[in-house]
Amino acid sequence: MLFSWDYLLQGFATACTLQNLMWATIGCLVGTLIGVLPGIGPSSGIAILLPLTTVLPPTSAIIMMAAIYYGAMYGGSTTAIVVNIPGEASSVPTALDGYAMARQGRAGPALAISAISSFVAGTLSLVGLTFFAPVLANFALAFGPPEYFALMFMGLSLVISLSGRALLKGIISMALGLTASLIGQNPLTGASRLTFGSIEMMAGINFISVIIGLFAISEILINVEHSVKLMYDTKVRDWMPKWADVRQCIGAMLRSTGIGFFLGLLPGCAPAVTTFVAYDVERRVSKHPERFGKGAIEGVAAPEGANNATTSGGFVPLFAFGLPTGPALAVLLGGLMMYGLQPGPMLFKQNPQFVWAVIASMYIGNVILLVLNLPLVGMWARIALIPFPILGPLIILFSVIGAFSIRFMLFDVWVALIFGGIGYLMRKLGFPIAPMVLATVLAQMLETSLQQSLLISQGSPLIFFTRPIAAVFMVLALASIFRGVWVQVRNRGPEVPLEDEE
Amino acid sequence: MKTNILVTCLAALFFSCGFMAGTVAAQEKPYPTRQITYMVCFDPGGQSDREARRHQPYLDKILKQKVIIDYKVGGGGALGWRELARSKPDGYTVAGFNVPHIILQPLQQEVGYKTEQIIPVVLFQRTPLALTVLATSGFKTYQEFIDHARKNPGKLTIGGSGTFSGYHMATLRLEKLSGAKFTYVPFTGTAPQVTAFLGGHIDAIMGTSDDLTRYKDKVRVLAWATEKRFPGFSDSPTFRELKVDLVEAVDRGVAVPPKTPLYIIKKLEAAFIEIATKPEVMAEMKSQGFMPIAMGHEESTAYITKMTGIYKELTVGLKK
């Protein structure tokens, strides 16, 4: 499975045939659309199109499905920025600064920088995939349950910086999120918890419906209460980012590429986790952390770059071992296997044309997406100009469809509506929402890896400190917790709440 | 007068229709006359989905009706099977099902269906399990592994997918039969189980034959829980050869709701058996590391009853 220029060039030749270019473009379009619609994520998008695999040749089909996956990452930021409604967990950090920018009349630059950052990170991480896949593949294997727990624990410690000054409220919000994730079956033992005897609730709370509720529905409720005419009433200051804006983001793009790509190699570290980490890192390295949450352009570039880098990273263990790192790639793996293609070391040996054609198509797809998305910036930014009495119901409609499309269960729609109510109360009471989202995203991995680690160590928590990778993450997590608490105690340090407290 | 005749005619027509419908229902209605829904109880792209899609084109041809695939995912399959148990028994809803899942889930807790409510039409595929270590492991044979476990009770970890699952049962049965003690580490599926195993984070797994076939050059199978040695792994013994009476597998089949008329079951059974015994289907399954089987309605029912007995005995005292 070693790299060779021959194979890569052949791959480009295959990917550039008219037919494959067409399927890549269709995939990019569908992906962008799926990303824009709240709730309908790449996994359902790919799943819906799986039957197409019976008509298309394998290379074209997988090229299209991969395009849907990374295309969705481009589109996901749109609603997050324009109307503060992240369609997926991975766009939650984007909403923090993106929406602030939009309210300042800079939706255009925010959208454009997210497309540019997606392109840069997407392409750079593809280079990583192209040249280092065999070396990096083993990275995924270095992570066992204790390492995952330590990583998730570190992820959870981001709550401290996400809640800013409202630390106690942030922790309550996190605790609520963790509790909500307990509803349903224990992922390992299948035992029912907090289901109150209802079989329906055994399916558990899906975090996508939680996000739809917390952001989309509660946003609408707030707007209805204020009987607004428009989502926000500001003159558009500029449509495109200035060169200075782009330059300001270069560091963020590079850092987020690294973070996204490496975390993307790990099964379970779906883009949802990496975007939070990238956002937090950017805030820490920034000379002006106080600008974050108030429309810092790097705060948009970082998560958007990270989620695209994560998607490329995810293809490393998928191709090398047949291990999917997230639900969308699991569906894609299913697609591969329907063609009788067995991912794993043999795939590179037996079907090099196929693998390299897909990789080459991803380079092309990224260009297509940039070309596709930049001109659309103006159109998306104008969404906010739709009168609210029309836009509001539309958002509710798409939210309900999105919630239903997760598992085709009415239960998920109810979850979204209930969390809409919870989100509304949280906003009224000044509770930050991001920690709750982060908690629901991390909860399952956190729980299963803790349970597995303690089984392996026969109950000793020392296992998290005796293994080097785990120890590094644990130390980082503890350090960030102590620092956060210390800043809090020393009272009103530079930390500020990240979300509007309306 | 005219209206009277009309009314009489209509009444006669109505009654005769009702009468005819009654007699036909008592006998057999033509089946199938419309599209059939094939419910998949696991995520799209998973093995159950792939099997349904393997069946779909053949079913279309044999039954001469469109077969559509629908997903009802959740609770490790339980949500879908509960839906099946409540569906109309008219043969237009069938669902993929797994043994031992449908036996163990109702044994563990209230899941909204009972094992007897899942009426098997066919069992078409077997996925045997095997006790496996990495190719680089110090344990060369089953005996070395067991001896080590006997000396260090609970120290060796065996990974599987979920608790109250076939993997868990196989581990428990092995403990019971060998007298050794292990620590069973559950994972949320076979993909994370294999990842942790390949990374060396657990000592051994109860691996599935398809996974083991895929990672053949990286693993060493200590013993197969099969009756005969598994094709492609002729160097690895079976548990039975090692005097351990352990045969354990995950089986896939197709089921219909309770009270489905026998003639409908028979019609579906014939179709699925025809597919399961097609040489090209069998060859495909074998190359992917599965064992093609073709157990009809009666045989599957008897098999499920037998396995229920074994699991009931094994799980007594397992629940808190």
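No experiment lies behind these values; they were computed from the predicted model shown.

On to the overall build of chain A, then. Along chain A, the regular secondary structure elements total 21 helices and 2 strands. Over its C-alpha trace chain A gives a radius of gyration of 22 Å, about what one expects of a compact globule, namely 23 Å for 502 residues. Here the C-alpha coordinates of chain A stretch approximately 60 × 60 × 50 Å along the principal axes. For chain A, long-range pairs separated by at least 24 residues make up 82% of all intrachain contacts whose partners lie at least 6 apart in sequence.

When helices and strands are counted, chain B shows 11 helices and 10 strands. Across its three principal directions, the C-alpha atoms of chain B cover 100 × 45 × 30 Å. When burial is assessed residue by residue, chain B has 48% of its 320 residues classed as buried. Considering only contacts in chain B between residues 6 or more positions apart, those separated by 24 or more positions represent 74%.

Okay, the interface of chain B and chain A next. With 37 residues of chain B in contact, the opposing surface of chain A contributes 38 residues. Those elements giving two or more residues to the side of chain B that touches chain A turn out to be α2 (47-63), α3 (78-86), β6 (183-187) and α7 (190-198) of chain B. With 5 residues, the single largest contributor to the side of chain B that touches chain A is α7 of chain B. Among the residues forming the side of chain B that touches chain A, the class breakdown is 14 nonpolar, 17 polar and 6 charged.

What follows is about helix α11 (residues 297-315) of chain B. All names here are of chain B. Relative to the 27 Å expected for 19 residues at 1.5 Å per residue, α11 spans 26 Å between its end C-alpha atoms, a close match to the ideal helical length. Listed in full, the buried residues belonging to α11 are His297, Ser300, Ile304, Met307 and Tyr311. One side of α11 holds all its buried residues, which, seen down the axis, span an arc of 95°. Away from its buried face by more than 90 degrees, α11 exposes Glu298, Ala302, Thr305, Lys306, Gly309, Lys312 and Glu313.

Time to look at the packing of helix α17 (residues 388-407) of chain A against helix α18 (residues 410-428) of chain A. Residues and elements named next belong to chain A. For the pair α17 and α18, interaxial distance at closest approach is 7 Å and the crossing angle is 135°. The angle between α17 and α18 falls in the class oblique. Remark: the crossing between α17 and α18 carries right-handed chirality. Of the residues in α18, those touching α17 at Ser399, Val400, Ala403, Phe404, Ile406 and Arg407 are Leu410, Asp412, Val413 and Ala416. Broken down by class, the residue content of the contact of α17 with α18 amounts to 7 nonpolar, 1 polar and 2 charged.

Take the pairing of strand β3 (residues 93-99) of chain B next. Residues and elements named next belong to chain B. For β3, the buried fraction is high: 7 of the 7 residues fall into the buried class. Pairing analysis gives 3 bridges linking strand β1 (residues 36-40) to β3, with the strands arranged parallel. Along β3, the bridge assignment pairs Tyr38 with Val94. Pairing of β3 with strand β9 (residues 249-256) involves 5 bridges; the strand directions are antiparallel.

Residues and elements named next belong to chain A. For helix α10 (residues 207-225), built from 19 residues, the straight-helix expectation of 27 Å at 1.5 Å per residue is met to within 8% by its first-to-last C-alpha distance of 26 Å. Along α10, the largest kink reaches about 30° and is centred on Gly213. With 14 of 19 residues buried, α10 is to be regarded as a mostly interior element. Trailing α10 by a residue or two, Ser227 shows a phi angle of about 35°, which is positive.

The next subject is the domain arrangement of chain B. Residues and elements named next belong to chain B. Domain boundaries assigned for chain B yield domain 1 (36-126 + 251-315) and domain 2 (127-242). In this structure, domain 1 and domain 2 have C-alpha centres spaced 27 Å apart. The interface of domain 1 with domain 2 comprises 13 residues on the first partner and 15 residues on the second. When residues of the side of domain 1 that touches domain 2 are traced back to their parent elements, those giving at least two are α4 (101-108), β4 (119-134) and α11. Residues that form the side of domain 1 that touches domain 2 fall into these classes: 6 nonpolar, 5 polar and 2 charged.

Further remarks concern unusual backbone geometry. In this model, Tyr31 of chain B is joined to Pro32 of chain B through a cis peptide bond whose omega is -10°. Each neighbour pair has its own omega, and for Val99 of chain B with Pro100 of chain B the value is 15°, a cis peptide bond. With respect to the secondary-structure elements, Pro100 of chain B resides in the loop between β3 and α4. One non-glycine residue, Gln458 of chain A, adopts positive backbone phi at about 55°. Relative to the assigned elements, Gln458 of chain A resides in the loop between α19 (434-456) and α20 (463-466). Judged by local crowding, Gln458 of chain A falls into the exposed class, with 11 C-beta atoms found within 10 Å. You will see that Lys259 of chain B, though not glycine, has its phi angle at about 70°, which is positive. Structurally, the position occupied by Lys259 of chain B is in the loop between β9 and α9 (262-276). Of the residues examined, Lys259 of chain B has 10 C-beta atoms within 10 Å and is grouped as exposed.

Turning next to the packing of helix α3 (residues 42-49) of chain A against helix α14 (residues 327-338) of chain A. Angle between the axes and distance between the axes: these two values describe a pair of packed helices. Residues and elements named next belong to chain A. For the pair α3 and α14, the least separation of the axes is 8 Å and the interaxial angle reads 15°. With respect to α14, the axis of α3 lies roughly parallel. As for the relative orientation of α3 and α14, their crossing is left-handed in sense. For the pair formed by α3 and α14, the contact residues are Pro42, Ser43, Ile46 and Ala47 on the first element and Pro327, Ala328, Val331 and Leu332 on the second.

All names here are of chain A. Across chain A, the average pLDDT comes to 87, with 96% of residues at 70 or higher. Here helix α15 (residues 345-350) stands out as the element of chain A with the lowest mean pLDDT, 75, in contrast to α20, whose mean of 96 is the highest. Note that pLDDT drops below 50 for residues 493-497; the model gives that stretch 14 contacts with residues more than four away or on any other chain.

Attention shifts here to the confidence of the model for chain B. All names here are of chain B. Averaged over every residue, the pLDDT of chain B is 89; residues scoring 70 or more account for 90%. In the predicted structure, residues 13-25 sits below a pLDDT of 50 and forms 1 contact with residues beyond four places in sequence or in another chain. Complex prediction metrics read pTM 0.85 and ipTM 0.84.

The next point concerns the environment of Asn186 of chain A. Residues and elements named next belong to chain A. Along the chain, Asn186 turns up in the loop between β1 (184-185) and β2 (192-193). Separated by 258 residues in sequence, Asn186 and Gln444 place their C-alpha atoms 8.9 Å apart. With residues near it in sequence (within four places) discarded, Asn186 still touches Ala191 and Arg193.

Secondary-structure assignment places Leu124 of chain A in helix α6 (residues 107-141). Remark: the alpha-carbon pair of Leu124 of chain A and Ser405 of chain A, spanning 281 residues in sequence, is separated by 33 Å.

The next subject is the environment of Ala13 of chain A. All names here are of chain A. Looking at the element boundaries, Ala13 is found in helix α1 (residues 5-15). Note on Ala13: 14 C-beta atoms within 10 Å, which makes it partly exposed. On a C-alpha basis, the gap between Ala13 and Gly190 in space is 48 Å, while along the polypeptide they are 177 residues apart.

Conventions used here
Residues numbered from 1 in each chain as written. Chains lettered and ligands numbered in written order. Predicted model: local features only at pLDDT ≥ 70, side-chain atom pairs only at ≥ 80, totals over all residues. Helix = DSSP H or I, 4+ residues; strand = E, 2+ residues; numbered from the N terminus. Rg over C-alpha atoms; globule rule 2.2 N^0.38 Å. Contact = placed C-beta atoms within 7 Å. Buried ≥ 20, exposed ≤ 12 C-beta atoms within 10 Å, placed from the backbone. Nonpolar A, V, L, I, M, F, W, Y, C, P; charged D, E, K, R; others polar. Expected span 1.5 Å × (residues − 1). Arc of directions from axis to C-beta. Axes fitted to C-alpha atoms, helices over the stretch in contact; angles between N-to-C directions. Parallel < 35°, antiparallel > 145°, perpendicular 65-115°, else oblique. Left-handed = near helix turned anticlockwise from the far one by under 90°. Pairing = 2+ DSSP bridges. Bend = angle between axes of the 7 residues up to and from the residue. Domains from an automatic or database assignment. pLDDT = per-residue confidence, 0-100.

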